[in-house]
Amino acid sequence: MKTKYFLLMAAVALGLSSCQKEFEPSSYAPALNIGGYTSAKQVAPSSLAAYWAFDGSLVDSVSNGGGTNTGTSFGTGIKGKSLQGAANSYVLSAPSAKVTGLTSFTLTEWINTPPPSNGIVGLFSLSNKSEFWGNIEVFVENGSTNENGKLRIHINKGGDKTYAADNVLNLFGKWTALAISYDATTGSVKVYVNGSRVSAGTVTGLTGPLAFTNSGNLVFGTVQFQTNPSQTTGTGKQDWASFLTGQIDEVRLYNKALSDEEVGYLSKLEARGK
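Residues numbered from 1 in each chain as written. Predicted model: local features only at pLDDT ≥ 70, side-chain atom pairs only at ≥ 80, totals over all residues. Heavy atoms only, no water.

Here we come to the packing of aromatic side chains. Applying the stated criterion to the full structure yields eleven aromatic pairs. The interplanar angle of 55° and the centroid separation of 5.7 Å between the aromatic rings of Y37 and Y265 together place this pair among those described as tilted. Taken together, the positions of Y37 in the loop between α1 (2-19) and β1 (48-52) and Y265 in helix α3 (residues 260-271) put the pair 228 residues apart, joining distant regions of the chain. On the numbers, 5.4 Å between centres and 85° between planes, the contact of F54 with F220 is edge-to-face. A residue pair is termed long-range when its members are at least 10 positions apart, and F54 in the loop between β1 and β2 (67-70) and F220 in strand β14 (residues 215-220) qualify at 166 residues. (Phe/Tyr/Trp six-rings, centres within 6.5 Å; stacked < 30°, edge-to-face > 60°. Helix = DSSP H or I, 4+ residues; strand = E, 2+ residues; numbered from the N terminus.)

What follows covers the pairing of strand β3 (residues 73-76). Two elements, β3 and strand β4 (residues 81-84), share four bridges in a ladder whose sense is antiparallel. Within β4, the position partnered with F74 by the bridge is L83. What sits between the antiparallel neighbours β3 and β4 is a turn of four residues, in which G80 has the positive phi angle 65°. (Pairing = 2+ DSSP bridges.)

It is worth spelling out the pattern of salt bridges at this point. The final tally for this structure, using the stated rule, is six salt bridges. Here R197 ties to D260 by a salt bridge, and the two come within 2.9 Å at their closest N and O atoms. Here the residue R197 occupies a position in strand β13 (residues 196-202), and D260 occupies one in helix α3, the gap between them amounting to 63 residues. The partly exposed category is assigned to R197, whose relative accessible area is 42%. Between E270 and R252 there is a salt bridge whose closest N-O contact spans 2.8 Å. Pair noted here: E270 is in helix α3 and R252 is in strand β16 (residues 247-254), with a separation of 18 residues, a long-range link. The exposure class of E270 is buried, given its relative accessible area of 2%. Within this structure, K79, E250, R252 and E270 form a network of salt bridges that share partners. (Salt bridge = Lys/Arg side-chain N within 4 Å of Asp/Glu carboxyl O. Buried < 20%, exposed > 50% of the residue type's maximum accessible area, 1.4 Å probe, protein only.)

Look at the link from N228 to P229: it is a cis peptide, with omega at 0°. Looking at the element boundaries, P229 is found in the loop between β14 and β15 (241-242). At N88, a residue that is not glycine, the phi angle is positive and equals roughly 60°. Tracing the backbone through its elements, the reader meets N88 in the loop between β4 and β5 (90-93).

Counting through the fold element by element, S39 comes out in the loop between α1 and β1. By relative accessible area, S39 is classed as buried at 15%. If we skip the residues at most four places from it in the chain, S39 touches L269 and K274. (Contact = heavy atoms within 4.5 Å.)

In terms of residue burial, strand β7 (residues 120-128) counts as a mostly covered element, since nine of its nine residues are buried. Relative to β15, β7 runs parallel, the two sharing two bridges. Bridge pairing links I120 to A241 in β15. As judged from the three bridges shared by β7 and β14, these two strands associate in the antiparallel manner. Note on β14: the bridge partner recorded for L126 is L218.

Here we come to α3. A rise of 1.5 Å per residue sets the reference length of α3, with its twelve residues, at 16 Å; its end C-alpha atoms lie 17 Å apart and thus fit the reference within 8%. Where α3 is buried, its residues touch β6 (105-112), β11 (176-183), β12 (188-193) and β16. Once α3 finishes, G273 follows within two positions and takes phi at roughly 75°, a positive value. (Expected span 1.5 Å × (residues − 1).)

With respect to the helices and strands, T106 occurs in strand β6. There is a polar contact of 2.8 Å between the side chain of T106 and the backbone nitrogen of L258. (Polar contact = N/O pair within 3.5 Å; in protein donor to acceptor, adjacent residues only side chain to side chain.)

Below you can see the structure in the form of C-alpha cells.
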C-alpha cells in the first residue's frame, strides 16, 4: 500500500514540475522610466520637425520625404540599423517646410566614426544654394582627436554666423550622442555630448528667430559643397574637406531648443534602444 502511495505522489510531483515555468527575473522588472518617459518618441513629440531613423530607409518619418543615396549603405546602429558612410558617399534629402521654416532648433544624432584624417567631416547640412556654408552646417574640424574634438556649427541668418566648440572630449571610435541647439529667445547655442552640455554661448550677429534663405537639400555624410554636383553655387569640391566614413543614426530635428533635461532623457532612452 505504501509503495502505491509513494508512486502516486512521485507521479503528481513530476506532473507539477513539468507544468512549472522557469523563473524569469526580467519579467518582474519595472518598466524603464527615465524622467517620466519610456520611449524617445515621447520627448517633445509636438516639436519634432523631422526624424531619420536610418533603419534600412532614408525616409524622414515626419514628412514621409525620401532621400537619394550616393555610395552609402546601412550598418548596425545604436537602434536597429544606421547610415554607413564611405569616401565620396553621402545622402541628399529634400527638406520639408517644417525644416526650412525653423526659427529655433535642436539637432540630435548619434555618430560612430574615426577622427578626421583627410579633411573636415560633415555631420549634417541644410544647404544654402548660393552661400559657401549651408543654412545649418555641422562638421568636425581638421586635427580633431578624442582629447580635443573641434566642432563647427554654421548658422545662416543674414549671412554666415559661426559657433566653435573646442576641447570636446571622446567624440570618436564609439557610438556618441551629439546634440546642438539654438534658442531664438536667448540667442544661445548649446552643444551636448551623451546628454551632457559641454559648451554654450552666443554668436555675434546671431539673435532672434532664424530666417533661412535659398534652402536646398539636406546633406548627410559630408558638407554641402563636397557633393557632385555641389549643392551651392558658392563653391565646388575642396581638397581640405572630406566624407564621413563611420555611421550616423537617429537624426532628429526639433523646432525649439530642447531643455538640458530633455536632451539628457532622449540620449539615455536611445542608448537603451527605446
